[in-house]
Amino acid sequence: MGELVQGSGTAKTSVLIASLALVGAIAVPVAADGVTARGPDGASGMLGLPPLSQADRYVLAPSSRTVRPVTVAESSEVNHDYVTASSAASEDAAHGLDVGTSDTATVGGLKVRRAGVGVAGGHFSYQLRVPAHRAFDLRVEEAGSAGARYEVLVDGQVVHTRTMALYAAQGRPIGATHYSVRVPARAVSSPTVEVTFRNLENPGDGARIAGVWASSTRTAAAEPGYGGSARNPRGAAGRGETHLDAGFFAKPYVIYDFGQEVGGTISLNASDVEGAPRLGLAFSESDTYMTSVSDYSQDPSGVATETHYFALDKDGPVEDEVIRGGFRYLMVFLDSPGSATLSDLELTFTADPTNPDLDDYKGAFLSSDRELNELWYAGAYTAQMSTIASDTGRPYPATPGPVRNDQLVAQGEAFLSDGAKRDRYDWGGDNVVSNTVAYLTTGASEPAKNAVEWFAAHPSADGQIPGVYLPEPAGFTYNWGEYASWWMQNYWTHYLYTGDKTFLSRWFDALKGNVAWAEKNVDDDGLWDVPGSASGHWGYGQAGKETYNNLVYVKGLRSAVSAAQELGEDDLAATWTAAADRTAKAVADTLWDDEAGAFRTIAGSKAHPLDANALAIVTGVATREQTQRILEFFEAKLATPHGERGVDTTEGNAVPDYISPFVASHELAAYAEAGDAEGALSVLRRTWGHMLDGPDSTKTFWETVSPDGGLGLGAYTSQSHGWAAAPTNFLTQEVLGVTPTEAGFREFEVAPTPVDGLSWAQGAVPTPHGTITTAWRTDKRGLRVAVEAPDGTTYAVRLPGAAGSEVTVDGRAVQARSDDGALVVEGLTGDSTLTVTRSGR
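For clarity, every value in this text was computed on a predicted model and none was experimentally measured. Per chain, the residues get numbers from 1 upward, laid out in the order the sequence is written. Only residues with pLDDT of 70 or above have their local features reported here, since the model is predicted, and side-chain atom pairs are shown and tallied only from 80 upward, although totals for entire chains, interfaces and linings are computed over all residues. As a rule here, side-chain values come from all non-hydrogen atoms in the structure, and water together with hydrogens is ignored.

### Looking at the overall build of the protein chain
Stated precisely, the cut-off is as follows: Note on conventions: DSSP H or I runs of at least 4 residues are helices, E runs of at least 2 residues are strands, and numbering of each starts at the N terminus. As a reference, a globule follows 2.2 Å times the number of residues to the power 0.38, and the radius of gyration itself is taken over C-alpha atoms. Burial classes follow relative accessibility: with a 1.4 Å probe on protein chains only, a residue under 20% of its type's maximum area counts as buried, one over 50% as exposed, and anything between as partly exposed. Contacts are residue-level and defined by heavy atoms, with any inter-residue pair within 4.5 Å sufficient. Accessible surface area values rest on a Shrake-Rupley calculation with a 1.4 Å probe, where residue burial reflects the displayed protein chains alone. By the counting rule applied here, Lys and Arg register as positive and Asp and Glu as negative, while His and the ends of each chain are not counted. The location of each charge is read from NZ of Lys, CZ of Arg, CG of Asp or CD of Glu.
Secondary structure assignment for the protein chain yields 15 helices and 42 strands. For 841 residues, the compact-globule estimate of 2.2 N^0.38 gives 28 Å, and the protein chain sits close to it at 29 Å. Dimensions along the principal axes, computed over C-alpha positions, put the protein chain at roughly 90 × 65 × 45 Å. Looking at the 841 residues of the protein chain, the share that counts as buried comes to 63%. Summarising the internal contacts of the protein chain: among those between residues at least 6 apart in sequence, 72% fall at separations of at least 24. As displayed, the protein chain has an accessible area near 28500 Å², and 47% of this comes from carbon and sulfur atoms. Computing the positive centroid from 63 side-chain charges and the negative centroid from 105, the protein chain places the two 4 Å apart.

### Overview of the pairing of strand β15 (residues 253-275)
Here is the rule: At least two DSSP bridges between two strands are needed for those strands to be called paired.
Most of β15 is tucked away, with 18 of its 23 residues classed as buried. Sheet topology note: the β15/strand β20 (residues 324-334) ladder contains seven bridges and is antiparallel. Bridging from a neighbouring strand, valine 254 pairs with valine 332 of β20. By the bridge criterion, nine bridges tie β15 to strand β21 (residues 338-349) in an arrangement that is antiparallel. Paired with asparagine 269 across the strands is serine 343, a residue of β21. Here β15 pairs with strand β19 (residues 316-319) via four bridges, running antiparallel. Its bridge partner lying in β19, leucine 268 is registered against valine 318.

### What to know about helix α9 (residues 547-566)
Rule in force here: Here, expected helix span is obtained from the residue count minus one, scaled by 1.5 Å.
Between its first and last C-alpha atoms α9 spans 29 Å; for 20 residues at 1.5 Å apiece the expected length is 28 Å, and the two agree. Burial analysis of α9 places 16 of its 20 residues in the buried class, which makes it a mostly covered element. Count one or two residues on from α9 and you reach glycine 568, which has phi positive near 75°.

### A few points about the pairing of β20
Burial within β20 is extensive, with 11 of its 11 residues counted as buried. Summarising the sheet, strand β16 (residues 278-284) and β20 pair through six bridges and their orientation is antiparallel. If you follow phenylalanine 283 over to β20, its bridge partner there is leucine 330.

### Quick notes on the packing of helix α8 (residues 508-519) against α9
For clarity, the cut-off: Axis definition: a line fit to C-alpha positions, over the contact stretch in the case of helices; interaxial angles, taken between N-to-C directions, run 0 to 180 degrees. Note on convention: the crossing is left-handed when the near helix lies turned anticlockwise from the far helix by less than a right angle, right-handed when the turn is clockwise. Residue polarity follows a fixed list, in which Ala, Val, Leu, Ile, Met, Phe, Trp, Tyr, Cys and Pro are nonpolar, Asp, Glu, Lys and Arg are charged, and the others, Gly among them, are polar.
Across the interface, α8 lies against α9 with an axial gap of 11 Å and an inter-helix angle of 145°. Crossing of α8 against α9: the hand is left-handed. Between α8, through Phe508, Leu511, Val515, Ala518 and Glu519, and α9, the contact on the second element is made entirely by Tyr553, Leu557, Ala560, Ala563 and Ala564. Residues that form the contact of α8 with α9 fall into these classes: nine nonpolar, no polar and one charged.

### Quick word on the nonpolar core
How we decide: The term nonpolar core refers to a set of buried residues drawn from Ala, Val, Leu, Ile, Met, Phe, Trp, Tyr and Cys, joined through side-chain atoms within 4.5 Å.
Trp487, Tyr491, Leu511, Trp538 and Trp688 are the most contacted members of the largest nonpolar core, which has 211 residues in total. Membership of the second largest hydrophobic core comes to 25 residues, among which are Val154, Val181, Val183 and Ile209.

### Some remarks on the pattern of salt bridges
To keep it simple, the criterion reads: The term salt bridge refers to a side-chain nitrogen of Lys or Arg lying within 4 Å of a carboxyl oxygen of Asp or Glu.
In total, this model carries 39 salt bridges according to the counting rule given. Between aspartate 589 and lysine 585 there is a salt bridge, with its nearest N and O atoms 2.6 Å apart. In this pair, aspartate 589 and lysine 585 are both assigned in helix α10 (residues 570-590), four residues apart and thus about one turn of the helix distant. A relative accessible area of 53% places lysine 585 in the exposed class. Taken together, the salt bridges that share partners define one network made up of Glu749, Arg798, Arg817, Asp819 and Glu826.

### With respect to the side chain of serine 125
Counted only if it meets this: Within 3.5 Å is the distance limit for a polar contact, defined as a pair of N or O atoms, with the added protein rule that one can donate a hydrogen and the other accept it, and that residues adjacent in sequence qualify only through two side-chain atoms.
With respect to the element layout, serine 125 can be found in strand β6 (residues 123-129). For serine 125, a relative accessible area of 3% corresponds to the buried category. One polar contact links serine 125 to threonine 196, side chain to side chain, over a distance of 2.7 Å.

### A closer look at the packing of aromatic side chains
Heads up, the rule is: In this analysis, rings of Phe, Tyr and Trp, with Trp reduced to its six-membered ring, are considered paired at centre separations within 6.5 Å, and the interplanar angle assigns stacked below 30 degrees, edge-to-face beyond 60, and tilted for intermediate values. Distance and angle both matter: a charge sits over a ring if NZ of Lys or CZ of Arg is within 6 Å of the ring centre and within 35 degrees of the ring normal.
Scanning all chains against the criterion turns up 33 aromatic pairs. Ring centres 5.1 Å apart and planes at 15° place the aromatic pair phenylalanine 748 and tyrosine 795 in the stacked group. Taken as a pair, phenylalanine 748 in strand β33 (residues 747-750) and tyrosine 795 in strand β37 (residues 794-800) lie far apart in primary sequence, 47 residues in all. Here a set of aromatic residues connected by ring pairs shows up, and it is made of Tyr58, Tyr361, Trp376 and Tyr377. Above the ring of tyrosine 253, the side-chain terminus of arginine 139 is found at 5.4 Å from the ring centroid.

### Considerations on helix α4 (residues 431-440)
Counting buried residues in α4 gives 10 out of 10 residues, a clear majority hidden from the surface. Along α4, the positions that sit buried rather than exposed are Asn431, Val432, Val433, Ser434, Asn435, Thr436, Val437, Ala438, Tyr439 and Leu440.

### Looking at the sheet that holds strand β11 (residues 192-199)
If you walk across this open sheet you meet the four strands as β6-β11-β8-β9, and the pairing is antiparallel. Of all the strands in the sheet, just β6 and β9 (157-163) have a single pairing partner and so form its edges. Strand-to-strand, the axes of this sheet are offset by a mean angle of 20°, without reference to chain direction. As paired strands, β6 and β11 are joined by seven bridges and run antiparallel to one another. Across the sheet, tyrosine 126 pairs through a bridge with valine 195, a residue of β11.

### A closer look at a negative patch on the surface
Inclusion rule: Residues with no salt bridge and a relative accessible area higher than 30% make up the patches, which join like charges within 9 Å and nonpolar side chains (Val, Leu, Ile, Met, Phe, Trp, Tyr) within 5 Å.
A cluster of acidic residues, Glu241, Asp245, Asp272, Glu274, Asp315 and Asp344, forms a negative patch on the protein surface. Every element with two or more residues in the negative patch is listed here: β14 (241-246) and β15. Looking at the secondary structure, you find glutamate 241 in strand β14. The partly exposed category is assigned to glutamate 241, whose relative accessible area is 45%.

### Considering the confidence of the model for the protein chain
For clarity, the threshold we go by: Summary of the metric used: pLDDT quantifies the predictor's per-residue confidence within the range 0 to 100.
Looking at the protein chain as a whole, the pLDDT averages 93, with 94% of positions reaching at least 70. Overall, residues 1-42 carries pLDDT values under 50, and its contacts beyond four positions in sequence, including any with other chains, amount to 132 contacts.

### Some points on unusual backbone geometry
Look at the link from aspartate 299 to proline 300: it is a cis peptide, with omega at 0°. Along the polypeptide, proline 300 turns up in the loop between β16 and β17 (304-305). Residue tyrosine 396 is joined to proline 397 through a cis peptide bond whose omega torsion reads -10°. One can find proline 397 in the loop between β23 (387-389) and β24 (401-402). Residues other than glycine seldom take positive phi values, yet leucine 47 does so here, at roughly 60°. Of note, leucine 47 is situated in the loop between α1 (13-22) and β1 (66-67). Phi is positive for aspartate 810, close to 50°, though the residue is something other than glycine. By relative accessible area, which is 45% here, aspartate 810 ends up partly exposed.

In structure tokens:
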């Protein structure tokens, strides 16, 4: 979210003063999680706060590239029976299929038996072996649905009513999902039961079943040669052993939980192999989509075989050479008759491949609010998971057969891709957020540089910067005009954070060519008329004089102006300034809807999108009055418990109606620019807090969120997606308030944001000159700020304060410059402690 560093920093002053007035005294700083001001060794941090090292507890990155699961989520200790729709022998000969009204179909790559789409009362049945007069569990894998409704019966008794409300936008297949039913002993009168799937009156898609397990624990063993077992399921993940044994109609499994998002290659050892069983490794980021066919990691969905299979015909190591970039859950199972003892199950972690110290961050954040701390580190880890080796991208398009992760998709050793699981490509818009996260956390700039330069070196014949690179033969793709504009900001932000002037000079001609391409498409009215060939957006496609694209272009032009000024190209800077002002004015004059209190998607549209309206505030196109009305519009028309929807109506509109963390990053910036710190924190907690605490949490941030808080693109959703990592940037740049004002932090500003309920915050910011460490805390008199700055840097501190407030630096009163209601102390170097005391104290 590099855009935050370019705000004026003044509009928020009055709100910050009001916020500061609400904060009460604190006698001893105590974090929400009970951390006191002194650590175990008695040491304290800046301003008497907890040592910043206590933030290490929130780091999610592993300390070693060898990672093991933390627990077993589920297993089939005794697998009495298994039936699958993918095998006629399994259904008919072995399980007495009563076909009823059913047929078979392939849905999203999954072979299922359907009771009948829209057929009320549609049904089919299987005969399954179970332990007589004992309770057992049915595990059902099915094709996901936005509204399937049916019953599960055992020997005519209803044991479960299934009503699904899963979600996948943009026509994506939802993917395979699962559920379990505990069948009580009273429903089991014999060793064979009839399991029926029967549609309800309004069934929607109805029952679409791929496979059914009958399993139990603490009961008699499975029928010899028929069922199977998974003995000591925890063993393989530790120092013990797990034994899987599969009869002809069994699929014994163990689902391991790594506790959070991980990625890499799996290895294990197989011994005591009997027969020639096939071992399956299935992966999922979410429990919802953890099935034996895995969730989706390739595009198009449902084409490639996502689960990795291995023939076990002898004892020895099993080395999976295919990287699975992002997952939390691993299902290990036998898919054919035989048995094996498994041990030494582990993951070789492959994300952030050039970093020798995965968990040794150069940046840090710690505050009195546990949730904010967790959000900062979750964002850091999300970007870290998206940092991958440049030759480990996904093929495109997906083809039938096993998945692969072996495509060259960027330059250098590593780059910042869009997501860990998929797409694993270089997308220019995603880098707007993730590149800055990398600068502020691991401090590594090379992967971000590789992502920016890869595009800079390959403009189109007319100068346009590509939006994405797809593996050959597709190559560089120029369908995304939005991302061509975002590249201009990524280019400038890299220089601003690194001070790499060689980089700035080297790619300035690419910048000029990109602006020239865009200017050819600016109409006489000043609006950028995006051609259909470049209509791609972050989540939709729309050409023409569209509000959001025009504002992205305005923002990109202002970054271009900064670059031109830095290189002494004053005439060009003036030309680009005039172009930015021209287009900004055209948007303001023609695309505002006064009745709605928001900007339209495009002229004549009844839709009012979050993306355009957030950027109208960030770019200053919205007036103060319009800004207030837009924020009211967000709350009245777009707000949900899980964040703001993308648009207020789907009628005649292309903008997707789900929650986009990428667009929410612009929304955070808008609240910051408007000075509404409380509004920003509300967005932070609703959109991103839900991802950490909800049922599908990976401790990383998702690509999309559905309106009801689920995964916005079903099993296709990337749950560790770099464009969603904005909380890290926001907390450093706005709550700590540290931003560069000259390249490479040669000069920087500290403008802390005290908000109600947050009594202190501190952190570290890596720079080319060394680490900036800063902290602030409030007490009954006012605000104290401490800064430790590296040699060779100069900084200003912007303090909330009104006329009459006293400002001191290291205990000495100073005359602070008044700037739009803030008090600014400039020209500071080295270590300083500042206080601002409210007037009247």
